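Observations on the three-dimensional arrangement
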Amino acid sequence: MAKKTTLGCEPVVGSLIPSNKRDYKFTNKIQEATNKKPLYAVVFNFIDSRYFNIFATVGGNRVTVYQCVEGGAIHLLQSYIDEDKDESFYTVSWACNVDGTPFVVAGGLNGVIRVIDTSTEKIHNSFVGHGASINDIRSQLLKPSLIVSASKDESVRLWNVQTGICVLIFAGHEGHKNEVLSVDFHPSDIYRIASCGMDNTVKIWSIKEFWTCVEKSFTWKDLPSKFPTKYVQFPVLVASVHSNYVDCSRWLGDFMLSKSVENEMVLWEPKMKESSVGVGTVDILQKYPVPDCNVWFIKFSCDFHYKAAAIGNREGKIYVWELQSSPPVLIARLSHPQSKVVVRQTAISYDGSTILCCCDDGTLWRWDDMSSKS
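Rules behind the numbers
Residues numbered from 1 in each chain as written. Predicted model: local features only at pLDDT ≥ 70, side-chain atom pairs only at ≥ 80, totals over all residues. Heavy atoms only, no water. pLDDT = per-residue confidence, 0-100. Contact = heavy atoms within 4.5 Å. Pairing = 2+ DSSP bridges. Helix = DSSP H or I, 4+ residues; strand = E, 2+ residues; numbered from the N terminus. Axes fitted to C-alpha atoms, helices over the stretch in contact; angles between N-to-C directions. Buried < 20%, exposed > 50% of the residue type's maximum accessible area, 1.4 Å probe, protein only. Arc of directions from axis to C-beta. Polar contact = N/O pair within 3.5 Å; in protein donor to acceptor, adjacent residues only side chain to side chain.

Once that is clear, we can look at the confidence of the model for the protein. With 95% of its residues at a pLDDT of 70 or more, the protein has an overall mean of 93. Below pLDDT 50 for its whole length, residues 1-5 participates in zero contacts with residues either more than four positions away or in separate chains.

Below you can see the structure in the form of structure tokens.
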């Protein structure tokens, strides 16, 4: 008997013909590391409007802060060398304390999270807790003293950078069964977190019932090590959207955008069942093809308003997809004759007018939308 196929339920797949809706031109390249060590992450500061043109990169045991200025120039502002020469940072994010002081937060091979105060150019704190390397750090834009980290030790941890407290650990009975590669806070629901990893799943967590612990972490007067850190063992949904490692997932409103090593990003809707924890369904809505993107630890980025996503590939090219259209529209495909190695991560500026990427050969590239300049 022939297999039944339901018509009208297939995901919409975007065309790889660029629409050229924005006219991005290459404007700058920096060779950051003299030893050509990979740059694994680059991120703009979306937390403070005074610093929207400031970004940070990590590679080797170095954290570097730059400013994008008019005309394509990139100004070096600050650079930090970790005391351990064997450290290799894999991820970086921006956060701040309650008075708004900007922090750069980085983690990597050693499993230690460094919180750097960019106003004093000194280490504000170091968080020890993960039992293995840290693959991703994200900040809660609604409450930017909170960060969340994803680790090789199969756990996700919620930290308060103001007080140095590990508030929650997401692991255990229904936690990840392999390395956690990516994590993200919901943009408007302060209680919701998503994580994904080498167990091929995306897990959605709720911290609503633990919110008193979060609030207590801001007023705790004793040693951070004495804080009653709670374990969160049960996600509200476990989604199997991909058949391989899931190395990047980001909320797009209440939808999720995620990627594996399958040459595409996938937009899907998680549908939780209130009655049973961890049980639910997913509705795959759209697919955004990304040729030659079949190696892991390539991460995409979005602008502040989630209008576009930029993702690199192993050939040094960048694909910029429009996120607010159906079917998906490829805004631009960016390439340069000298860009031929893996693009590990991209960063789109607040308004989408600048795109940065960092690569395996220690290079940092900048493209600017010329149509917005005219």
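Read across the sheet, four strands follow the order S15-S16-S17-S19 without closing on themselves; strand pairing throughout is antiparallel. Single-partner strands in this sheet number two, and they are strand S15 (180-185) and strand S19 (237-239). Averaged over all adjacent pairs, the angle separating strand axes in this sheet is 20 degrees, with direction ignored. Where strand S17 (residues 202-206) meets S19, three bridges bridge the pair, whose relative direction is antiparallel. Among the inter-strand pairings, lysine 203 is bridged to a residue of S19, identified as valine 238.

Listing the buried residues of helix H1 (residues 211-219) in full gives Trp211, Cys213, Val214 and Ser217. Summarising the axial view, the buried residues of H1 lie within an arc of 160 degrees, below the 170-degree limit, and thus occupy one face. Opposite the buried face of H1, by more than 90 degrees, sit the exposed residues Thr212 and Thr219. Looking at the buried residues of H1, the elements they touch are strand S12 (146-151), strand S13 (156-160), strand S14 (165-170) and strand S18 (230-232).

Attention now goes to the side chain of histidine 242. For histidine 242, the position within the fold is in the loop between S19 and strand S20 (248-252). The class of histidine 242 is buried, set by a relative accessible area of 6%. Among the polar contacts made by the side chain of histidine 242, one reaches the side chain of serine 258 at a distance of 2.7 Å. Here glutamate 262 takes part through its side chain, which lies 3.0 Å from a polar atom of the side chain of histidine 242. Discounting chain neighbours no more than four positions away, the residues touching histidine 242 are Asn200, Ser258, Lys259, Ser260, Glu262 and Val266.

Now for the sheet that holds strand S27 (residues 329-334). The antiparallel open sheet is built from four strands, whose spatial order is S24-S25-S26-S27. Unpaired on one side and paired on the other, strand S24 (301-302) and S27 mark the two borders of the sheet.

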